Amino acid sequence: MTHALRVHPRDPARIRLVQITDTHIACDPGPTVFEGVDTAATLAAVLDAVDAQPERPDCVVLTGDLVDIPIPEAYARLLALLRDRNCPVVCLAGNHDDPVMMARLMNAGAVSTSRIMDFGSWRVLMLNDWLAGSDRGRFSPEELAFAGSELSAAGETPVLICLHHQPVPVGSPWMDAMGLDNGPELLNVTDAYNNVRGMVWGHIHQEFSMERNGIPLLGTPSTCVQFAPGSGEYAVDPLAPGFRVLELLPGGALCTRVVRI
Ligand SMILES: [Fe+2]
């Protein structure tokens, strides 16, 4: 079984997670090729907004596209922003990442590439849908087996699943053309267990929320550039960067909201 990162929440009756996603850090300071946005500056502003919240998170999850182009200098710049955080920061690869390079460079200080976080009364699973040479995502048979075995091992403990690509269409044709190849296969696995209490992802650079069988399925704004919901083709949304707060409550209830800077 994969080693779980044990996290001791400050209040076990209200575990507090912050999700940041699609940080797209570049190798050099200043404006980037991504719509001219200084992605390190917008991430720093998002982290300031996280710190300005009334309560600090027990854990931060970063759900992919950590860097814009996977080179060590970009990961080093990201690590410098995250390694001294006052709670664990757990990273998952997106289509812009190199998972091997990410795992080599993003395990220092508060930062890790842990796959399982055990909060006692909740578990969080980080599922890797990275597909070599593609903007799309796909779960390998091994990853689906990992999901099944960890959901089985969790027993009655509620589980939040984090991934990079949207497992269901979000209603934006260009974005849904680069979604998850085998979302239904993931849902087949999760449907076999009654402990999955939510799914949260990045990739779509916009807020999204639906319920499926009473379970919230949630997409989260990027910490940099936003994409316009419902658009047929690539379109930037002028909305501000943001993050998601998730409160994991006893019995599997989940409260969440998006905060924009
Ligand atoms: Fe992205």
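One structure accompanies this document, and this report is about it. (Residues numbered from 1 in each chain as written. Predicted model: local features only at pLDDT ≥ 70, side-chain atom pairs only at ≥ 80, totals over all residues.)

Let us look at the nonpolar core. Ranked by size, the top nonpolar core spans 64 residues in total, and within it L62, Y75, C91, L125, L160, I161 and C162 carry the most contacts. Ranked by residues supplied to this core, first place goes to helix α2 (residues 72-82) with 5 residues. In this view, L160 contacts W122, V124, R197, G198, V200, L246 and L248; residues no more than four positions away in its chain are not counted. (Core = buried A, V, L, I, M, F, W, Y, C linked by C-beta atoms within 7 Å. Buried ≥ 20, exposed ≤ 12 C-beta atoms within 10 Å, placed from the backbone. Helix = DSSP H or I, 4+ residues; strand = E, 2+ residues; numbered from the N terminus. Contact = placed C-beta atoms within 7 Å.)

We now examine helix α4 (residues 141-154). Because an α-helix completes one turn every 3.6 residues, residues spaced three or four positions apart along the sequence face the same direction. Between the first and last C-alpha of α4 there are 20 Å, a value that for 14 residues agrees with the 20 Å anticipated at 1.5 Å per step. Inspection of α4 places F146, A147, E150 and L151 among the buried residues, and these make up the whole buried set. Projection of α4 onto a plane perpendicular to its axis shows the buried side chains occupying an angular sector of 125°, all on one side. Among the exposed residues of α4, those pointing more than 90 degrees away from its buried face are P141, E142, A145, S149 and S152. Following α4 by one or two positions, G155 adopts a phi angle in the positive range, close to 60°. (Expected span 1.5 Å × (residues − 1). Arc of directions from axis to C-beta.)

Glancing now at the sheet that holds strand β3 (residues 59-63). Read across the sheet, 6 strands follow the order β5-β4-β3-β2-β14-β15 without closing on themselves; strand pairing throughout is mixed. Across the chains shown, the open sheet's two edge strands, defined by having one partner strand only, are β5 (111-112) and β15 (254-260). In terms of strand pairing, strand β14 (residues 242-248) meets β15 through 7 bridges, oriented antiparallel. Following the sheet pairing, R244 is matched in β15 by V258. (Pairing = 2+ DSSP bridges.)

Turning next to the sheet that holds strand β10 (residues 208-212). If you walk across this open sheet you meet the 7 strands as β1-β6-β7-β8-β9-β11-β10, and the pairing is mixed. Sheet topology places β1 (5-6) and β10 at the edges, where each strand pairs with a single neighbour. Here 3 bridges tie strand β6 (residues 116-118) to strand β7 (residues 123-126), and the two strands are oriented antiparallel to one another. Opposite I116, over in β7, you have L125 as the bridge partner. Helix-sheet contacts for α4 involve β6, β7, β8 (159-162) and β9 (196-201), and the interaxial angle to β7 is about 175°. (Axes fitted to C-alpha atoms, helices over the stretch in contact; angles between N-to-C directions.)

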